[in-house]
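Structure at a glance
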Amino acid sequence: MTLAIKASGLAKAYGDVIALNGIDIEVEQGTVLGLLGPNGSGKTTTVRILATLLQADSGTASVGGFDVVTQPDEVRSVIGLTGQYAAVDEYLTGRENLELFGRLFHLSKFDAAKRATELLDRFDLSDAADRGIKGYSGGMRRRLDLAASLIGRPNVLFLDEPTTGLDPRSRQGMWAVIEDLIAEGTTVLLTTQYLEEADQLANRIVVLDHGNVIAKGTSNELKSQVGGDRIEIVVESAGDVAKAADLIQEFGSAPATTEEVVKTVLLPVAGGSTAIVNIVRKLDENKIAIADIALRRPTLDDVFLSLTGHATEVDEVAAPAKGRRGRKARS
Amino acid sequence: MSTLTSQSAKESTAPRPRFGWLITDSISVSRRHLLKITRVPESLFFALIQPVMFVLLFAFVFGGAIDVGPGGAQAYREYLIPGILAQTVMFAVAGITVGITEDASKGIMDRFRSLPMRPGAVLTGHTLASLLQNILVIAILSITGLAVGWRIHNGFSDAALAYLMFASFAYAITWVGAWIGLHMPNSEVAGTAGLAWIFPFTFASNIFTPVATMPTWLQPFVLWNPVSCLALAARKLFGNPTPLLGDSFPERYPVQLSFAYCFLLLAIFAPLAVRAFKTRNK
């Protein structure tokens, strides 16, 4: 296995504030690492160090096999960076921006122009190519910014909160574009405070909190730390709760718990969707009316809560409007 | 659809000496700033309006009260124009201070710094674009001067040397502005701080009034002030009135001293600014 990014013991403090407290990160070539954490957890500091924009107080890091401190030029020629805000010139057109960055990437004039056209096409910006960025929507700016970071065909792409502040539709659009890049084999380090986003895009996830790595693993590994799937059944009448729990216990992987006040039975299960069918059938046979039934998978929100004891401190209004990853079926 | 990322080497990053890339990158960056001027022509318009207004104000309003020796109002206008040229070159510095602070506070600086370009080119490109704008303003100002009665009395070579001196000084002094801009927290502060240091240098000088009219304790500063040297040198080269105070070094060798100032400013502030650029936010 080849490591595209390797960092060990990275530490950075701004005065008394510790931004990074000695973290280790490894990203295999061709994979996506999601760096997940709330504001101020050290995500951006990590990206800035790896992208040679910031010098760590201690620790070492290499990107694409080059040391970020001693070989910054080499690192810069293999990376692409998309920051939290669109890093483009407001007064230039989309095409002029891409051509400028292409030239500064030391492409020939011809190649820079060709590449700009290619990228504008690819990111659905051809129609707006010769308009000033000032007239672009937030989503268009982000796409142009992502296009700019791909000018040099980077092996390693840093996406620092690529969808923060975008509306749900633009976010879905960015995800689709990023998924394409991933499919092409680009190594990606993605930072996000949206748990959905890490879940959707990353192979492996590192959870940061106050400059420390508090967990790492695949999305499923992290979720299994807080338990597996559960089925949540709400019955019509409170009197049926105990009976229902008894009846469906045979489908569970652990004892069911009940909450009579809200007429709910919670049953841990192994095979989620088949269990739903069996439970519905069983309760129906026994004439127990179901008000609601849902398969609940633990979300990364649950993971964060169980790891840190506090929620992600993300303004939930701004979070993706994708809903929880559960399938709901009304009976 | 073609593959956009590949493991192969870059197609045209041919090896080239670092200095060669510095020039290519600087041209790319200055092109960006020149394009910007065409997108916001108002900025150029006001850069032109201000010095022209100064010419008109001093030529027709204040000029009558200032005595630069025989020749009256006509002599004052000839005295004034080289001074206004020096003033214009100074005031233009505030623009680059704000421009650099604005860039630095936005993501585009991070984009530049994550590219394999020569880092110094961000500044050389910006200063070059600013020089081109300055040259245009100097040309238009000279025409305005001719219109109000200013004349070039000496030969072509002296006049050419004077313009070369203005251009050199304009370029060298923008590095001071760039260096200041890299230390400003935001463009509002840059707007005030970028002008604050310019005022004493511009007005405690001989550009509007002869040194002899100023208090003796201030005269040494005024004499050695690079802005005074520049204006005096230009008056000598153009053959305009040069009311001298005495026989001090800066009054005897203003041209040489002006070029020495250009060299000094560049030698000190260009490396300082490039270093500030590289270490900003590190």
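Residues numbered from 1 in each chain as written. Chains lettered and ligands numbered in written order. Predicted model: local features only at pLDDT ≥ 70, side-chain atom pairs only at ≥ 80, totals over all residues. Heavy atoms only, no water.

1. Quick look at the overall build of chain A
Check the secondary structure of chain A and you find 11 helices and 15 strands. Dimensions along the principal axes, computed over C-alpha positions, put chain A at roughly 75 × 45 × 35 Å. Expressed as a percentage of contacts within chain A between residues at least 6 apart in sequence, the contacts between residues at least 24 apart total 67%. A total of about 14,000 Å² of accessible surface is found on chain A, and carbon and sulfur atoms cover 49% of it. Positive and negative side-chain charges of chain A, numbering 36 and 46 respectively, have mean locations separated by a distance of 3 Å. (Helix = DSSP H or I, 4+ residues; strand = E, 2+ residues; numbered from the N terminus. Contact = heavy atoms within 4.5 Å. Areas by Shrake-Rupley, 256 points an atom, 1.4 Å probe, with all protein chains shown as cover. Lys, Arg positive; Asp, Glu negative; His and termini not counted. Charge placed at Lys NZ, Arg CZ, Asp CG, Glu CD.)

2. A look at the interface of chain B and chain A
Taken together, the contacts link 36 residues of chain B with 46 residues of chain A. Taken together, the links from chain B to chain A amount to 6 salt bridges. Across the salt bridge formed by A:Asp73 and B:Arg118, the nearest N and O atoms sit 3.1 Å from each other. Where chain B touches chain A, the interface holds 11 residue pairs in polar contact (both at pLDDT 80 or more). With 10 residues, the single largest contributor to the side of chain B that touches chain A is helix H1 (residues 18-39) of chain B. Taken together, the residues that form the side of chain B that touches chain A break down as 11 nonpolar, 12 polar and 13 charged. (Salt bridge = Lys/Arg side-chain N within 4 Å of Asp/Glu carboxyl O. Polar contact = N/O pair within 3.5 Å; in protein donor to acceptor, adjacent residues only side chain to side chain. Nonpolar A, V, L, I, M, F, W, Y, C, P; charged D, E, K, R; others polar.)

3. Notes on the nonpolar core
In this structure, A:Leu98, A:Phe101, A:Leu146, B:Phe112, B:Phe166 and B:Ile173 are the most contacted members of the largest nonpolar core, which totals 122 residues. Ignoring any residue separated from it by four or fewer positions in sequence, one finds B:Phe112 in contact with A:Leu100, A:Phe101, A:Leu104, B:Arg32, B:Met117 and B:Val122. One finds A:Leu50, A:Ala61, A:Val68 and A:Leu189 within the second-largest nonpolar core, a separate group that totals 29 residues. (Core = buried A, V, L, I, M, F, W, Y, C linked by side-chain atoms within 4.5 Å. Buried < 20%, exposed > 50% of the residue type's maximum accessible area, 1.4 Å probe, protein only.)

4. Concerning the side chain of B:Arg118
Counting through the fold element by element, B:Arg118 comes out in the loop between helix H4 (107-113) and helix H5 (121-148). Apart from residues no more than four positions distant in its own chain, B:Arg118 is found in contact with A:Asp73, B:Arg18, B:Trp21, B:Leu22 and B:Asp25.

5. With respect to the layout of surface pockets
Residues and elements named next belong to chain B. The calculated volume of the largest pocket comes to roughly 1,000 Å³. Forming the walls of the largest pocket are 33 residues, and the residues nearest its centre are Ser43, Gly95, Ile96, Gly99 and Gln133. Residue contributions to the lining of the largest pocket peak at 10 residues, all from helix H3 (residues 72-104). Residues of the lining of the largest pocket, tallied by class, amount to 16 nonpolar, 10 polar and 7 charged. (1 Å grid on protein atoms, 1.4 Å probe; cavity = no way out; pocket = protein on both sides within 12 Å on 5 of 7 lines; lining within 4 Å. Points joined across faces, edges and corners; volume = space filled by probe spheres on them.)

6. A word on the sheet that holds strand S6 (residues 79-82) of chain A
Residues and elements named next belong to chain A. Taking strand neighbours across the sheet as the criterion, the 6 strands line up as S6-S7-S8-S3-S9-S10 in an open arrangement whose pairing is mixed. Two strands bound the open sheet, and with one partner strand each, they are S6 and strand S10 (212-217). When strand polarity is set aside, the average angle formed by the axes of neighbouring strands in this sheet is 15°. The pairing of strand S3 (residues 32-36) with strand S8 (residues 187-192) spans 5 bridges and is classified as parallel. In the sheet register, Leu36 faces S8, and the bridge partner there is Thr192. The sheet contacts of helix H1 (residues 43-50) involve S3, S6, strand S7 (156-160), S8 and strand S9 (204-209), and relative to S8 the element is tilted by about 150°. In the packing of helix H5 (residues 138-149) onto the sheet, contacts are made with S6 and S7, and the angle to S6 comes to roughly 165°. (Pairing = 2+ DSSP bridges. Axes fitted to C-alpha atoms, helices over the stretch in contact; angles between N-to-C directions.)

7. Describing the packing of aromatic side chains
Residues and elements named next belong to chain B. Scanning all chains against the criterion turns up 20 aromatic pairs over all chains. Between Phe45 and Phe46, the aromatic rings sit 5.2 Å apart at their centres with planes inclined by 80°, giving edge-to-face as the arrangement. Each residue in the set Phe54, Phe58, Phe62, Phe91, Phe199, Phe203 and Phe208 is aromatic and connected to the rest through ring pairs, giving one cluster. A cation over a ring is seen here: Arg235 above Tyr79, with NZ or CZ 3.6 Å from the ring centre. (Phe/Tyr/Trp six-rings, centres within 6.5 Å; stacked < 30°, edge-to-face > 60°. Lys NZ or Arg CZ within 6 Å of the ring centre and 35° of its normal.)

8. Focus: the pairing of S3(A)
Residue and element names in this part refer to chain A. Here S3 lies mainly inside the structure; 5 of its 5 residues are buried. Residues Val32, Gly34 and Leu36 line one face of S3 and the alternating positions Leu33 and Leu35 line the opposite face, and both faces are buried. As defined by bridge partners, S3 adjoins S9 across 4 bridges and the pair is classed as parallel. Its bridge partner being in S9, Leu35 is matched across the sheet by Val206.

9. Here we look at the packing of H5(A) against helix H6 (residues 168-183) of chain A
All names here are of chain A. Two numbers describe how H5 lies on H6: the axes approach to 10 Å, and their chain directions differ by 15°. It follows that H5 is roughly parallel to H6 by the angle criterion. Crossing geometry of H5 relative to H6 is assigned as right-handed. Here Gly139, Arg142, Arg143 and Leu146 of H5 come into contact with H6, specifically with Ser170, Met174, Val177, Ile178 and Leu181. Within the contact of H5 with H6, the residues separate by chemical class into 5 nonpolar, 2 polar and 2 charged. (Parallel < 35°, antiparallel > 145°, perpendicular 65-115°, else oblique. Left-handed = near helix turned anticlockwise from the far one by under 90°.)

10. With respect to the confidence of the model for chain A
Put simply, chain A has an average pLDDT of 85, and 91% of its residues get 70 or more. Counted against residues more than four places away or in other chains, residues 314-331 of chain A, with its pLDDT under 50, gives 38 contacts. (pLDDT = per-residue confidence, 0-100.)

11. Focus on the state of the cysteines
As used here, a disulfide is simply a covalent bond connecting the sulfur atoms of two cysteines. Overall, the coordinates contain 0 disulfides over all chains when judged by the stated rule. In this model B:Cys229 remains outside any disulfide bridge; the closest cysteine sulfur is found in B:Cys262, 10 Å from its own. (Disulfide = S-S within 2.5 Å.)

12. Here we look at the sheet that holds strand S1 (residues 3-14) of chain A
All names here are of chain A. Taken in spatial order, the 4 strands line up as S2-S1-S4-S5 in an open sheet, and their pairing is antiparallel. Both outer strands of the open sheet, strand S2 (17-28) and strand S5 (66-67), are each paired with one neighbouring strand and no more. Relative to S2, S1 is paired through 9 bridges, and the arrangement is antiparallel. The residue of S2 that forms the bridge with Ile5 is Val27. Against the sheet, H1 contacts S1, S2 and strand S4 (58-63), and its axis sits at roughly 120° relative to S1.

13. Notes on a nonpolar patch on the surface
On the surface, a cluster of nonpolar side chains totalling about 460 Å² of accessible area is made up of B:Leu56, B:Leu57, B:Phe60, B:Val61 and B:Phe62. By the element assignment, B:Leu57 lies in helix H2 (residues 41-62). (Patch = residues over 30% accessible without salt bridge, like charges linked within 9 Å, V, L, I, M, F, W, Y side chains within 5 Å.)

14. Some points on the pattern of salt bridges
Residue and element names in this part refer to chain A. Evaluated as defined, the whole model comprises 21 salt bridges over all chains. Asp180 is the partner of Arg122 in a salt bridge, and the nearest nitrogen-oxygen pair spans 3.9 Å. Of this pair, Arg122 sits in helix H4 (residues 109-122) while Asp180 sits in helix H6, and the two are 58 residues apart along the sequence.

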